[in-house]
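Below, each chain spelled out in residue letters.
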There are 2 protein chains.
Amino acid sequence: MAALTTGTWADSGCPRTSQKDIMALLQEFGLETYPQFTTGSKVLQVGSAKVQRFKWIPSLSPIVLIDLLFFIWKVERLQKQVDHGDPYNCSRGEEWDTKTLETFLKESLWTRGAYETIAAFIRSLITMEPSQISTLYFLSTMSSAGGLMAMVETNEDSAQGLKVKGGTQQISKILAEKVGTDNVLLEHAVTKVIQSEESIQLKCQNGLTVSCKRAVMAAPPMVARQIQFEPQLSLQRREIEKWMPFGNCIKVVITYEEAFWKSNGQSGEALTYGGPSDVSGCDVGPLSAVCDATTPKGSPALLAFLSGDQAIQWSRQKAHTRKNAVLKSLTDFFGSQAETCLDYFEKDWSEELFIEGALAGVSTGAMRNFAAGLREPQGRLHFAGADGAMEWDGYMSGGVQSGIRAATEILHQLRPGSVSSAELSGTAYSPSYKAPQHLRRKVKQSYMTKGLSFAILVGVIALLYGSLYR
Amino acid sequence: MAALTTGTWADSGCPRTSQKDIMALLQEFGLETYPQFTTGSKVLQVGSAKVQRFKWIPSLSPIVLIDLLFFIWKVERLQKQVDHGDPYNCSRGEEWDTKTLETFLKESLWTRGAYETIAAFIRSLITMEPSQISTLYFLSTMSSAGGLMAMVETNEDSAQGLKVKGGTQQISKILAEKVGTDNVLLEHAVTKVIQSEESIQLKCQNGLTVSCKRAVMAAPPMVARQIQFEPQLSLQRREIEKWMPFGNCIKVVITYEEAFWKSNGQSGEALTYGGPSDVSGCDVGPLSAVCDATTPKGSPALLAFLSGDQAIQWSRQKAHTRKNAVLKSLTDFFGSQAETCLDYFEKDWSEELFIEGALAGVSTGAMRNFAAGLREPQGRLHFAGADGAMEWDGYMSGGVQSGIRAATEILHQLRPGSVSSAELSGTAYSPSYKAPQHLRRKVKQSYMTKGLSFAILVGVIALLYGSLYR
């Protein structure tokens, strides 16, 4: 459940009503939710970098809006073709996996305004640059969440962002109490996992060795590489661990005496490609997204994100340079009152030794090992964690869903017969389980047409050349 | 010098006369070389999967040959624009880094035969699929070796492959003797590196702690992630470690009573996209390349490579299934005598805990951290190893070159003034050193034209729609 602790706010931290697994857990634990504040105008800063305030539709040129609309239609259509249970196994799986999301955006979008809107959205969502992500992974993630719009929308009628009163850390704490806090060993980093016929042994950095019948690993794929395994994990598992790095994200909480944005009719929401920067070494401003973070008791705050390459560039600046730039952007978005804050607190997730970032994404050419590598048990070792979840992959709800799956697998192993086939569905032990497809499809037919056109072109040039120099 | 031990044969293991750093070391150590055997016809299996034997030019269709020629010209022209010292800082650096090599191949090649020839070559060379590699990394690596042809050619007049009599392991052994074998600690895996104002401490898995003034790390970037650093390494370093995984390669040595390929007029060389496969779970045959590996004393042998995705697919098969498929391919290439071997020995480099593969490559969107991340010292820690070398990146010669660079850096720090500015050139301490560029260039102008065409298109549709439904 490592994933639960990182998502304290917005996006990964805001459960939505459509996220049934986390919602069920919250209900079971008697934790209350409250809606993300979204009343008032929003801010968009893309294209010309001019700050636009809007309530319903951003005041972008109609051409940019049509461009955006076409793109959303396209993604919604394509994501439906991808089964997140085995994403590589769809008719265009291989084609999409060989292409970066940046290439896909360049092919699909016509205007700079639309490009920057989508790129800012992707940065905020996956904390990576579109150039670092496989198009197939993007479509598959969208599919696991029920579509692009399910991820974007924050209007009150639909899957709106909810926050947990008292913070999401309570979930981990209650879980620990249920297990018995004496049975939870913190500060026991596992360095080696040894499997034998009879048991699985976990060796910790501090010298302790724990021996048990079954174990669950919920560490993110690339972080799991800090652990040595005997025998080694399957090549498919090791492959996805190599190709699923974490993105970069610095979260900033800025508290104020007054929620001036609300008084000004603003919701506190902003999406930005960064805007201009006058700091050497940073090609755009620091921010990708902002939202209201006022506590349920009413202490006013804004939550701002530095994501992807922006987080890398700005983390190399001095703390006060970064702070000034963040406050400058907030002033551009919400007025001069944003300049004078009570407190300014930064959290750079990439500095965390056992987290290493904010959200993990898969780079190109690795999706053929995604489903088997992230979900199939290996001997006595089972896998959970938000990454690779069947629903809401990368989100808290996905963390809960995959945790339940791993628990079901173990129950089936320890008490054979106690788990019905229906409950086993979605696990590798299900009678209907099909090992994920990893073969490449031979979609090379385009070379026939291409080759023929090329042959004609060469022929024409040869004829011309021949007639000129005869 | 970890890199030295992995490259025992062909490609990374064959020094070439143009690889001056390794050649100088061989001369210093009095080690003799002998040429790679290349006399006779070669084998090519691409496109229709028919096995073609040829001496000078493969019997591909003229269209495929022209396609290949155009591609080679294009790469030779483009790689000259990339400075391997700071690859991201060229006018098309960002554009090339957002594109997978697969996308580049699909844009550049017209015929299936040419595509498969180049893809087989890239697999053999980088042990990854073209879909997993940044186009900028590919061009930069080509540039570090003096061009595509310098990598491909094996004719006797030019930079021909040489092998070391007695094997390349001798280099490591002689180096160890020079340092004093008592000073070389094998089986002391470092798990933690702690830097302070006064010293750098290396903590080993077996409990030993070594304290010193300066340290060199030559582990491949992603393998270095098994080590914890206090304080953490720079974000640029950590970024390139995340995005430079190892490819997959299984090397196979097959010994025979007789070098029947030589008697049949064949050199033993083959390049293949894999050919057909009748094994379920493997979409192509196992091999990517083969060459002669007869020892200087005359014991006949062939060396065969399973590379990239082929290595992954075939490593999941039973050992005898894999062996049968390899021998079947060799029979297709060199005749029925290939079926009966004396010995068959496999080495899967991805099974090695501290190597994890054969050659490392950079995936898309990460090259902006390449030069600084792989070469700039971090406090008392210096970086060597074949990856990121200025010349022959990824090769033994690159390992020697970067080792000399790291030694120069340390000498400069320990004995200030003992190293001239000329000798410091190429290190981060050189007076003329410019920190590598990592800013994105604003090459978004294409959106102007694209946006305009799109606007016109939308306008025309609107007019048509208007005139139809008026």
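In this text, all values refer to a predicted model and were calculated from it rather than measured experimentally.

How each quantity is defined
Residues numbered from 1 in each chain as written. Chains lettered and ligands numbered in written order. Predicted model: local features only at pLDDT ≥ 70, side-chain atom pairs only at ≥ 80, totals over all residues. Heavy atoms only, no water. Core = buried A, V, L, I, M, F, W, Y, C linked by side-chain atoms within 4.5 Å. Buried < 20%, exposed > 50% of the residue type's maximum accessible area, 1.4 Å probe, protein only. Contact = heavy atoms within 4.5 Å. Axes fitted to C-alpha atoms, helices over the stretch in contact; angles between N-to-C directions. Helix = DSSP H or I, 4+ residues; strand = E, 2+ residues; numbered from the N terminus. Parallel < 35°, antiparallel > 145°, perpendicular 65-115°, else oblique. Left-handed = near helix turned anticlockwise from the far one by under 90°. Nonpolar A, V, L, I, M, F, W, Y, C, P; charged D, E, K, R; others polar. Buried area = accessible area lost by both parts, 1.4 Å probe. Salt bridge = Lys/Arg side-chain N within 4 Å of Asp/Glu carboxyl O. Polar contact = N/O pair within 3.5 Å; in protein donor to acceptor, adjacent residues only side chain to side chain. Domains from an automatic or database assignment.

1. Focus on the nonpolar core
In a soluble, globular protein the nonpolar side chains are often hidden away together inside.
Step number 1: Among the nonpolar cores identified, the biggest contains 101 residues, and I122 and F138 of chain A together with I122 and F138 of chain B are the most heavily contacted of them.
Step number 2: In this structure F138 of chain A touches V75, L101, I122, I126, I133 and L148 of chain A, once residues within four positions along its chain are discounted.

2. A word on the packing of helix 5 (residues 101-108) of chain A against helix 6 (residues 112-126) of chain A
Residues and elements named next belong to chain A.
Step number 1: Here helix 5 crosses helix 6 at 155°, and the two axes come no closer than 11 Å. Comparing the axis directions of helix 5 and helix 6 gives the class roughly antiparallel. Regarding helix 5 and helix 6, the two cross each other, and that crossing is right-handed. For the pair helix 5 and helix 6, contact is made by L101, E102 and L105 and by Y115, I118 and I122, respectively.
Step number 2: Of the residues that constitute the contact of helix 5 with helix 6, the class distribution is five nonpolar, no polar and one charged.

3. Brief notes about helix 5 of chain A
Since the α-helix advances by 3.6 residues per turn, residues separated by three or four positions end up pointing in the same direction.
Step number 1: Buried residues dominate helix 5 of chain A, accounting for six of its eight residues.
Step number 2: All of the buried residues in helix 5 of chain A are L101, E102, T103, F104, L105 and S108 of chain A.

4. Points about the interface of chain A and chain B
Step number 1: Taken together, the contact pairs 71 residues of chain A with 71 residues of chain B.
Step number 2: Buried surface at the junction of chain A and chain B, both sides included, amounts to about 6700 Å², of which 53% is carbon and sulfur.
Step number 3: The residue R368 of chain B makes a salt bridge to D309 of chain A at a minimum N-O spacing of 3.2 Å.
Step number 4: Across the chain A-chain B interface, the total number found is 22 residue pairs in polar contact (both at pLDDT 80 or more).
Step number 5: Residue assignment for the side of chain A that touches chain B shows that the elements contributing at least two residues are helix 3 (62-79), helix 5, helix 6, helix 10 (235-242), helix 12 (309-315) and helix 17 (446-468) of chain A.
Step number 6: The element best represented in the side of chain A that touches chain B is helix 17 of chain A, accounting for seven residues.

5. What about the domain arrangement of chain A?
Residue and element names in this part refer to chain A.
Step number 1: Annotation of chain A at the domain level lists domain 1 (60-153), domain 2 (188-244 + 365-414) and domain 3 (250-348).
Step number 2: Each of domain 1 and domain 2 has a C-alpha centre, and the two are 29 Å apart.
Step number 3: Taken together, the contacts link 16 residues of domain 1 with 14 residues of domain 2.
Step number 4: Taken over both partners, the interface formed by domain 1 and domain 2 buries close to 1200 Å², and the fraction arising from carbon and sulfur atoms is 58%.
Step number 5: Inspection of the domain 1/domain 2 interface yields zero salt bridges.
Step number 6: Between domain 1 and domain 2 we count 10 residue pairs in polar contact (both at pLDDT 80 or more) in total.
Step number 7: Elements with a minimum of two residues in the side of domain 1 that touches domain 2: helix 7 (135-144) and helix 8 (148-152).
Step number 8: The element contributing the most residues to the side of domain 1 that touches domain 2 is helix 7, with five residues.
Step number 9: Taken together, the residues that form the side of domain 1 that touches domain 2 break down as eight nonpolar, six polar and two charged.

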